[in-house]
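Analysis of the macromolecular model
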2 protein chains.
Amino acid sequence: MVSANRHDGPTVNDEPGGTSVQGTGGGGKRRSPLSRTTVLRAALELVDTDGLEALSMRRLGQRLDRDPMALYRYAANRDALLDGLTELLLDQWVIAAAGDADTAWQDQLRRAAHRFRALVLKHPHVVPLLVTRPLSTPLGLRPLGALRPLEQLLAVFTRAGFGPSGALHAYRAYYGFLIGHVINELEEFVVNADEDDAGLRLGLDRLPESDFPHLRSLASQLLDYDGEAELDQGITIVLQGLQAQLESPARAPH
Amino acid sequence: MVSANRHDGPTVNDEPGGTSVQGTGGGGKRRSPLSRTTVLRAALELVDTDGLEALSMRRLGQRLDRDPMALYRYAANRDALLDGLTELLLDQWVIAAAGDADTAWQDQLRRAAHRFRALVLKHPHVVPLLVTRPLSTPLGLRPLGALRPLEQLLAVFTRAGFGPSGALHAYRAYYGFLIGHVINELEEFVVNADEDDAGLRLGLDRLPESDFPHLRSLASQLLDYDGEAELDQGITIVLQGLQAQLESPARAPH
DNA sequence: ACCGTAGAGTCTACAGTGTAGAGCAACGCT
DNA sequence: AGCGTTGCTCTACACTGTAGACTCTACGGT
């Protein structure tokens, strides 16, 4: 990955020849060989449609019309495949959009945050991986495409005036907030979609009134959730906080 | 669960008789029956020592000296067991400590945040569950103990002056931040512990210098990470932001 | 035309997984 | 004495990741 591509856009790509995949049917005898990218893309589709637990080597092999063991040519094992999925997603995250060169870093990061949210909402089943894989795979061993956003965000923060350590702190505050937000937004609530009453739709009637007064009274508020607004409101807080740290001489250059 | 216990302390407990477990050895013929709590505690121990993927029904049964199928009396299936684990942890989170009644809500929440971090660092392997299970199990179906912190936080925020919707927003900002933070703190970095050079220890030499200049130069900063300080610094930003929202008449009561 | 080699994929097999379904043994009641 | 309930076990099935050995094809060099 990472060819001439400097600032934005996906860089995961390693087709052997052309992009011809020659029909998924069972007709052709000599199929064009797979590639890491096609495998990952198929895996992503599978996860998007059937959920994470549906992603097994066997099912993926079936989908690609190949023996399951063939996949091990493109991913050392299942964990590596999952790491590849996080790369496939993170590498699509555009942080520096066209014409961002001369806008304030706050605006750039706010827009990037909204793009992150949009990207992740297109692939909600991958979110667990985004959170989980980095807990297992050390930073230095992750696919390069998964590190590109980190590098770019560090660039943004240093150009904004943060020193090395400050940029790192800023990155963690920013990305941590984003992760926390999507976790919140994707949490499951509705248990009975065809119920009229808000409380029943959420299954809150199970909670004893005496122990959960606040929660039980929040049914309607839980149901009308505006993720975009909440993200925007939250990112404002974070960015203001970061700016304050940048201006206070105590922690700024560091 | 949830007996007379009003504000703090764990509430998960459902022993049938006494707490006698009569030795784990293979001697006694008639063993005292299990309970959901003992099963969950054993599961937590297993996860703490051997990691999440080591938690299988068979291994857990072995540890409790029972047939794997016996566990299904205490958890409908593996997912329910995992939900139980998140309950076991969240229910230990003390939000209102003794003598918190008359301290400012900001201080209370700051201390609760540090307690959350400490709790979670004692059981790092459970963090994926904390993040992942709520994406599958709707709020209304979770074990009650897992909802207690939510209820208590809502209480804190309403007492602080937030309206229903405002309290919910505040909770999400607060908890989202906490989750984001521990994810950051528990991320894996070191790949070669016995290396001298910081860059080598992190395996950053694998990254092409031209594509990852910032990241590669951050080796030493990545290595000396002070999670407690970072949490405290972050929570300050969040609490100030929430306070600002509380004071601005636009969004406060709502 | 021949061989050698590398690449892509297959086949078989093994140890391990979650869990449905049936059944067993002991206890507390009436 | 009989019954139901509780706590647990046994067996079996469909499925998982992956090690190891193997086959088949295409291509390059001589």
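In this report, we go over the structure that sits alongside the text. Source: prediction; values computed, not measured.

**Quick notes on the packing of helix H7 (residues 164-186) of chain B against helix H11 (residues 227-247) of chain B**
All names here are of chain B. Between H7 and H11, whose axes approach to 11 Å, the crossing angle comes to 160°. Classified by the angle their axes make, H7 and H11 are roughly antiparallel. Of the two elements, H7 crosses H11, and the hand of that crossing is right-handed. Between H7, through Ala170, Ala173, Tyr174, Phe177, Leu178, His181 and Glu185, and H11, the contact on the second element is made entirely by Gly227, Glu230, Leu231, Gly234, Ile235, Val238 and Leu242. When grouped by side-chain class, the residues that make up the contact of H7 with H11 number nine nonpolar, three polar and two charged.

**Regarding the protein's contact with DNA strand D**
Near DNA strand D you find 18 residues, and of these Arg58 of chain A together with Arg66, Asp67, Arg73 and Tyr74 of chain B are the closest. Between a phosphate oxygen of DNA strand D and a side-chain N or O atom of Ser56 of chain A, the distance comes to 3.0 Å. A distance of 2.9 Å is found between a phosphate oxygen of DNA strand D and a side-chain nitrogen or oxygen belonging to Tyr72 of chain A. Looking at the surface near DNA strand D residue by residue, the class counts come to eight nonpolar, two polar and eight charged.

**Overview of the packing of aromatic side chains**
With the rule as written, the count across this model stands at 16 aromatic pairs over all chains. Geometrically, the ring pair formed by Phe157 of chain B and Phe162 of chain B is edge-to-face, given 5.7 Å between the ring centres and 90° between the ring planes. By relative accessible area, which is 6% here, Phe162 of chain B ends up buried. Relative to Tyr174 of chain B, the ring of Phe157 of chain B lies with its centre 6.3 Å away and its plane at 75°, an arrangement referred to as edge-to-face. Of this pair, Phe157 of chain B sits in helix H6 (residues 144-160) while Tyr174 of chain B sits in helix H7; the two residues are 17 residues apart in sequence, bridging distant segments of the chain. Judged on exposure class, the residue Phe157 of chain B and its partner Tyr174 of chain B are both buried. Site record: aromatic cluster; members linked through ring pairs are Trp93, Phe116, Tyr171 and Tyr175 of chain A.

**A word on the protein's contact with DNA strand C**
Lining the immediate environment of DNA strand C, one finds 17 residues, of which Arg66, Asp67 and Tyr74 of chain A together with Arg58 and Arg78 of chain B sit closest. Counting only the atoms of DNA strand C that lie within 4 Å of the protein, the sugar and phosphate share comes to 47%. Within the side chain of Arg73 of chain A, a nitrogen or oxygen atom sits 3.0 Å from a base nitrogen of DNA strand C. One nitrogen or oxygen atom from the side chain of Arg58 of chain B is found 2.5 Å from a base nitrogen belonging to DNA strand C. When grouped by side-chain class, the residues that make up the surface near DNA strand C number eight nonpolar, two polar and seven charged.

**A few points about the nonpolar core**
Within soluble globular proteins, side chains that are nonpolar tend to cluster in buried spots. Formed by 151 residues in total, the largest nonpolar core has its most connected members in Trp93 and Phe157 of chain A together with Phe157 of chain B. Here Trp93 of chain A is in contact with Ala112, Arg115, Phe116, Leu119, Arg148, Pro149, Leu153, Tyr174, Tyr175 and Leu178 of chain A, once residues within four sequence places are set aside.

**Some thoughts on the layout of surface pockets**
Its volume calculated, the largest pocket comes out at about 1300 Å³. If you trace the largest pocket, you find 34 residues lining it, with Leu52, Pro128 and Thr132 of chain A together with Pro128 and Thr132 of chain B closest to the centre. The set of elements that each furnish at least two residues to the lining of the largest pocket consists of helix H3 (78-90) and helix H5 (127-136) of chain A together with helix H3 (78-90) and helix H5 (127-136) of chain B.

**Concerning the interface of chain B and chain A**
Across the boundary between the two partners, chain B contributes 59 residues, which contact 60 residues of chain A. Carbon and sulfur atoms supply 65% of the area that chain B and chain A bury against each other, a total of about 5700 Å² over both sides. Sorting the residues of chain B by area buried against chain A places Leu135, Glu151 and Arg172 of chain B first, and these three jointly supply 12% of that buried surface. Run the count over chain B and chain A and you get four salt bridges. The shortest N-O distance in the salt bridge between Arg172 of chain B and Glu230 of chain A comes to 3.2 Å. Put simply, the parts of the chain that give the side of chain B that touches chain A at least two residues each are H5, H6, H7, helix H9 (213-216), helix H10 (219-223) and H11 of chain B.

**Remarks on the relation of the copies chain B and chain A**
Screw-axis analysis of chain B against chain A gives a translation of 0.0 Å along the axis, an RMSD of 0.0 Å, and a rotation angle of 180°. The transformation relating the two chain copies, once decomposed into turn and shift, fits a two-fold axis. If distances are taken from each C-alpha of chain B to the rotation axis, the shortest is found for Gly180 of chain B, at 2.4 Å. Mapped onto chain A, 100% of the interface residues of chain B are again interface residues, and the two copies thus contact each other with one and the same surface.

**Describing the pattern of salt bridges**
All names here are of chain A. Evaluated as defined, the whole model comprises 24 salt bridges over all chains. Asp79 is the salt-bridge partner of Arg133, the closest N and O atoms lying 3.8 Å from each other. Taken as a pair, Arg133 in helix H5 and Asp79 in helix H3 lie far apart in primary sequence, 54 residues in all. You can call Arg133 buried: its relative accessible area is 8%.

**Some remarks on the packing of helix H4 (residues 105-122) of chain A against helix H11 (residues 227-247) of chain A**
All names here are of chain A. At a minimum axis separation of 10 Å, H4 and H11 run at an interaxial angle of 145°. By crossing handedness, the relation of H4 to H11 is classed as right-handed. In this structure, H4 uses Trp105, Gln106, Leu109, Arg110, Ala113, His114 and Arg117 to contact H11, whose residues at the interface are Gly227, Glu228, Leu231, Asp232, Ile235, Thr236, Leu239, Leu242, Gln243 and Leu246. Split into classes, the residues belonging to the contact of H4 with H11 amount to eight nonpolar, five polar and four charged.

Cut-off values and rules
Residues numbered from 1 in each chain as written. Chains lettered and ligands numbered in written order. Predicted model: local features only at pLDDT ≥ 70, side-chain atom pairs only at ≥ 80, totals over all residues. Heavy atoms only, no water. Axes fitted to C-alpha atoms, helices over the stretch in contact; angles between N-to-C directions. Helix = DSSP H or I, 4+ residues; strand = E, 2+ residues; numbered from the N terminus. Parallel < 35°, antiparallel > 145°, perpendicular 65-115°, else oblique. Left-handed = near helix turned anticlockwise from the far one by under 90°. Contact = heavy atoms within 4.5 Å. Nonpolar A, V, L, I, M, F, W, Y, C, P; charged D, E, K, R; others polar. Near = heavy atom within 4 Å. Polar contact = N/O pair within 3.5 Å; in protein donor to acceptor, adjacent residues only side chain to side chain. Phe/Tyr/Trp six-rings, centres within 6.5 Å; stacked < 30°, edge-to-face > 60°. Buried < 20%, exposed > 50% of the residue type's maximum accessible area, 1.4 Å probe, protein only. Core = buried A, V, L, I, M, F, W, Y, C linked by side-chain atoms within 4.5 Å. 1 Å grid on protein atoms, 1.4 Å probe; cavity = no way out; pocket = protein on both sides within 12 Å on 5 of 7 lines; lining within 4 Å. Points joined across faces, edges and corners; volume = space filled by probe spheres on them. Buried area = accessible area lost by both parts, 1.4 Å probe. Salt bridge = Lys/Arg side-chain N within 4 Å of Asp/Glu carboxyl O. Least-squares fit on C-alpha atoms with pLDDT ≥ 70 in both.

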